[in-house]
Amino acid sequence: MKNQMIKNSTPPNQPSNRSLTALRMRTLISFLASLMLIVAFSSCEKDELDPIDQPDSIVPDRFRIEIPGAISSSQNLKSGQADTLNGNDVYQHLRTFIAVGEFGAELAESVMLMIAVNNLNRPLELTFISDDDGRSKHLKIIENVEFENHVWQYRLTIKDIDGDADNGSDNTAIQVFWNLNPLEGVAILNPYNIDRNTESIYKNTQFRVDYSETGNMGYETHMIVSFTGFPLPSPLLNPYAVSKMKMFVGKNGDMISLYGNSEHPNAFFFSEETGFNWAFAAAASESQNIAVAEVGLPPMTLDADDRETLLDTYSLRNVFRNQILAIWPGIDQELLDAYLYNTQAPGFFDNAGFVKAGTAPSENYLPYLDKVSTLTPYNPSYIYNMNIQFEN
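Just so we're clear, the structure is a prediction, and the values are computed from it rather than from any experiment.

**Quick look at the overall build of the protein**
Part 1 of the reasoning: Per the secondary structure count, the protein includes 10 helices and 13 strands.
Part 2 of the reasoning: A total of 392 residues make up the protein; the buried ones form 57% of that total.
Part 3 of the reasoning: Looking at the protein as shown, the accessible area adds up to about 16500 Å², and 45% of this sits on carbon and sulfur atoms.

**So, the environment of glutamate 66**
Part 1 of the reasoning: Relative to the elements of secondary structure, glutamate 66 occurs in the loop between helix H3 (26-35) and helix H4 (87-117).
Part 2 of the reasoning: Spatially, the C-alpha atom of glutamate 66 lies 7.6 Å from that of glutamate 102, the residues being 36 residues apart in sequence.
Part 3 of the reasoning: Setting aside its immediate chain neighbours within four residues, glutamate 66 contacts Glu102 and Ile256.

**Let's talk about the packing of aromatic side chains**
Here a ring pair, both rings aromatic, is described through the centre-centre distance and the interplanar angle of the planes.
Part 1 of the reasoning: Across all of its chains, the model carries 17 aromatic pairs by this definition.
Part 2 of the reasoning: With a centroid separation of 5.5 Å and an interplanar angle of 65°, the aromatic rings of tyrosine 202 and phenylalanine 230 are classed as edge-to-face. Of this pair, tyrosine 202 sits in the loop between helix H5 (191-194) and strand E6 (206-212) while phenylalanine 230 sits in the loop between strand E7 (221-228) and strand E8 (244-252), placing them 28 residues apart in sequence.
Part 3 of the reasoning: The exposure class of tyrosine 202 is buried, given its relative accessible area of 6%.
Part 4 of the reasoning: Feature note: the residues Tyr240, Phe268, Phe269, Phe270, Phe276 and Phe320 constitute an aromatic cluster, connected by ring pairs.
Part 5 of the reasoning: Above the face of the tyrosine 378 ring, lysine 246 is positioned so that its terminal group lies 4.9 Å from the ring centre.

**A look at the layout of surface pockets**
Part 1 of the reasoning: Reported here for the second largest pocket is a volume of approximately 330 Å³.
Part 2 of the reasoning: Lining the second largest pocket are 21 residues; nearest its centre among them are Glu148, Val186, Arg208, Asp210 and Ile224.
Part 3 of the reasoning: Of all the elements in the fold, those that place two or more residues in the lining of the second largest pocket are strand E3 (150-160), strand E5 (183-189), E6 and E7.
Part 4 of the reasoning: Within the lining of the second largest pocket, the residues separate by chemical class into 8 nonpolar, 8 polar and 5 charged.

**Description of the environment of phenylalanine 348**
Part 1 of the reasoning: With respect to the helices, strands and loops of the structure, phenylalanine 348 is situated in strand E12 (residues 347-350).
Part 2 of the reasoning: Looking at phenylalanine 348, the relative accessible area reads 0%, which means it is buried.
Part 3 of the reasoning: In sequence terms phenylalanine 348 and leucine 369 are 21 residues apart; their C-alpha atoms lie 9.0 Å from each other.

Criteria and thresholds
- Residues numbered from 1 in each chain as written.
- Predicted model: local features only at pLDDT ≥ 70, side-chain atom pairs only at ≥ 80, totals over all residues.
- Heavy atoms only, no water.
- Helix = DSSP H or I, 4+ residues; strand = E, 2+ residues; numbered from the N terminus.
- Buried < 20%, exposed > 50% of the residue type's maximum accessible area, 1.4 Å probe, protein only.
- Areas by Shrake-Rupley, 256 points an atom, 1.4 Å probe, with all protein chains shown as cover.
- Contact = heavy atoms within 4.5 Å.
- Phe/Tyr/Trp six-rings, centres within 6.5 Å; stacked < 30°, edge-to-face > 60°.
- Lys NZ or Arg CZ within 6 Å of the ring centre and 35° of its normal.
- 1 Å grid on protein atoms, 1.4 Å probe; cavity = no way out; pocket = protein on both sides within 12 Å on 5 of 7 lines; lining within 4 Å.
- Points joined across faces, edges and corners; volume = space filled by probe spheres on them.
- Nonpolar A, V, L, I, M, F, W, Y, C, P; charged D, E, K, R; others polar.

In structure tokens, the structure reads:
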């Protein structure tokens, strides 16, 4: 009954509260998944590739960290209680966006494996016709390249050369920089130039994955997944679509740490305010498949990089509470508290998804709860101004 009272107070012509907090990313996820199969010079799926066993191969056989399903999933989650704002609704966003970032990392790793399967294991230069779009592509691998003040052993570049450049990136499709010992690399991809059958609205969509086993950020292994220029659908169809994202993933032993931000220019919740940055920090166990996470909803252009501002001042609970009170200042406090119960920080997850909010379900979560308290998302204004570019 309490939940129904709030729903009946929703302003006319707005979606229900449940749909207001459900970010629908199926289109993006499906696109990334299919893109893994259209890399220009191979039709092999990642799972079908043979292990790389050539001792003289210059191509790394790994390029990502696998994220536990507890905190990364595109599947529907289990339901919560009827008289609260469903934790499933509140936290499904986070698991979905992390899954989107993980797809980007899988795509970059697939590119590296496809290079290896095609025995591109030395500096070379060649031109070929893509089986996917029938266009000419130029591939070049060179040694000893400097990029972003770092010297790399190898750089691979693939360009679409069938016609004039028309997307401001010199028609570059793929660019990968890497060192082998210790393994580290940067992969940048443009889906439109990989396969020109891709819709032209993706001309300016860029993906980037940084991967490192150097231990230079306090982790045995880490990766950073970013994308920009993702085209937005009409706000009438999906006001919660994402245009940019940057996510850090670090691994030490069994513990995986995550933090990052996604940008949603058309997002709104209870008021008419639009444009939010989805800021998050999370920690997960690879073996137990459990996770702890905190989420904030700061404005997209907010210039702040401290944890208190991003995850406390602009916490899910505070943003939702402030917007509800601004519209319904006389709402019963008990009703509001009950409705927002599952927006408490942090959220706890297991292999089935969201478990509860606020207090840990068991002592197993405590090490990850402690770790989350040390993690801070990126500055929203940095994400707002972020660009991904190929080397000229």
